[in-house]
Amino acid sequence: MASKTMRAARLHEIGGRFQVDSVPVPEVRDMDVLVEVKATGIVPNLRNVITHYPTWFPYLPLPKLPAIYGLDSAGVVAKVGSRVRNGVKPGDRVYVNPGLSCGSCDACRKGEPINCSSYTFMGYFGFGPGSQQIYEDYPYGGFGQYLTAPATNLVKLPPSISFEQAARFGYVGTGYSGLRKANLQAGQTVLVDGGTGTLGVGAVISALAMGASKVFASGRNKSLLDRLQSIDSKRIHAFALGERATAEIIMEATGGQGVDVVIQALGANAPAATVVDSLNALCRGGKAVNIGGVAETLPIEPIPMMVLQKSFIGSLWFSTAEGQAMAAMAEAGTLNLGVFEHERFSLETVNEGLDAVEQRTGGFTNVVVMQ
Ligand SMILES: [Zn+2]
């Protein structure tokens, strides 16, 4: 390696701005890999988290400051730990799944790392009391030149996937994993509520990749709905939220059947009534998966849910194995990562990138820090 220090954009105080500092390049441990970061997403919720903490979900711990943020990173393997056996080698292009787990609790031993009570997003925030320890073990986010990650968190990238596209894997993967948890089969129908947003676009292209026969997608912005429709004019049916009840539109279009799967991807400000409306669009036995941020309490009637055998499932993020499947689907041409429009910033202009995220128009924009 050329130098023993690296540049990293760090946050020094809540509500502050990122500042480029010189910090030591991390040592690689036995089971870890050192990755030279090429692209990292600036995710829509980042400013919210670093400006409003701790009023922003105080039970979701942040790393101790100063900290290197940056959630979704892709880059090139620089060094491999001595006990890494998965064949990765220096020079390999990889996406780093930022979801870290402790590796040995009950959930981890059951093969459910996302249910680990220490589950933590590298360079973002954690989900439990064990997260601070994970941050001490992995304090490097994507807004630094290098980061360390467990070898088990790497998705190997084929040459056809750009680093910018890979920096969007988190939000695409969240939709993909949600559809998998709903057991979506080829030929079935899907409704993505909030289909033009950052999570929604990922869910729509994932549903297409998985062979859905029809993907209904709701949104508020007419030009974004048109753009979404144009991805696959035959299979996508994009419609405006709020003009008519969603359930009415879906029942009419499906001959009174309803959709097999609902992906709920609406944001924090959407009313609970919209979520209930989407549940009414489900077929008998249908599954609704929440990957969105609707904050209101839902008035769900348990008896119709029982009688019609409907499920409402919460789904967080995605596994590294699912990320590898996404890479394979993108390479095969079934997962269309070409729908994104990249806005590129440097480490020095991360703060401007945060502003750009706020001005984005819907989920097609992908704001990334390039190095
Ligand atoms: Zn665990």
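Residues numbered from 1 in each chain as written. Predicted model: local features only at pLDDT ≥ 70, side-chain atom pairs only at ≥ 80, totals over all residues. Heavy atoms only, no water.

Draft legend 1. Molecular detail of the overall build of the protein chain. Counting secondary structure elements, the protein chain contains 12 helices and 18 strands. What you see for the protein chain is a C-alpha radius of gyration of 20 Å, in line with the 21 Å of a compact globule of 371 residues. Over its C-alpha atoms, taken along the principal directions, the protein chain stretches across nearly 65 × 45 × 45 Å. Counting every position in the protein chain, which comprises 371 residues, the buried fraction comes to 54%. Averaging the coordinates of the 31 positive side-chain charges in the protein chain and doing the same for the 31 negative ones gives two points 5 Å apart. (Helix = DSSP H or I, 4+ residues; strand = E, 2+ residues; numbered from the N terminus. Rg over C-alpha atoms; globule rule 2.2 N^0.38 Å. Buried < 20%, exposed > 50% of the residue type's maximum accessible area, 1.4 Å probe, protein only. Lys, Arg positive; Asp, Glu negative; His and termini not counted. Charge placed at Lys NZ, Arg CZ, Asp CG, Glu CD.)

Draft legend 2. Main features of the coordination of the zinc ion. Donor atoms from the polypeptide that coordinate the zinc ion comprise Cys-102 (SG), Cys-105 (SG), Cys-108 (SG) and Cys-116 (SG), at 2.3 to 2.4 Å from the metal. Note that the zinc ion binds four donor atoms; their angles at the metal cover 106 to 115 degrees, and the shape is tetrahedral. Taken in chain order, the donor set of the zinc ion reads C-x2-C-x2-C-x7-C. With a relative accessible area of 14%, Cys-108 lands in the buried category. (Donors = N, O, S within 2.8 Å, 3.2 Å for Na, K, Ca; no water. Tetrahedral: all angles 85-135°; square planar, octahedral: opposite > 155°, others 65-115°.)

Draft legend 3. Quick peek at the nonpolar core. Core analysis: the largest hydrophobic core is formed by 110 residues, its most contacted members being Phe-18, Leu-46 and Phe-143. Counting 12 residues, the second largest nonpolar core, distinct from the first, contains Phe-216, Ile-249, Val-262 and Ala-281. (Core = buried A, V, L, I, M, F, W, Y, C linked by side-chain atoms within 4.5 Å.)

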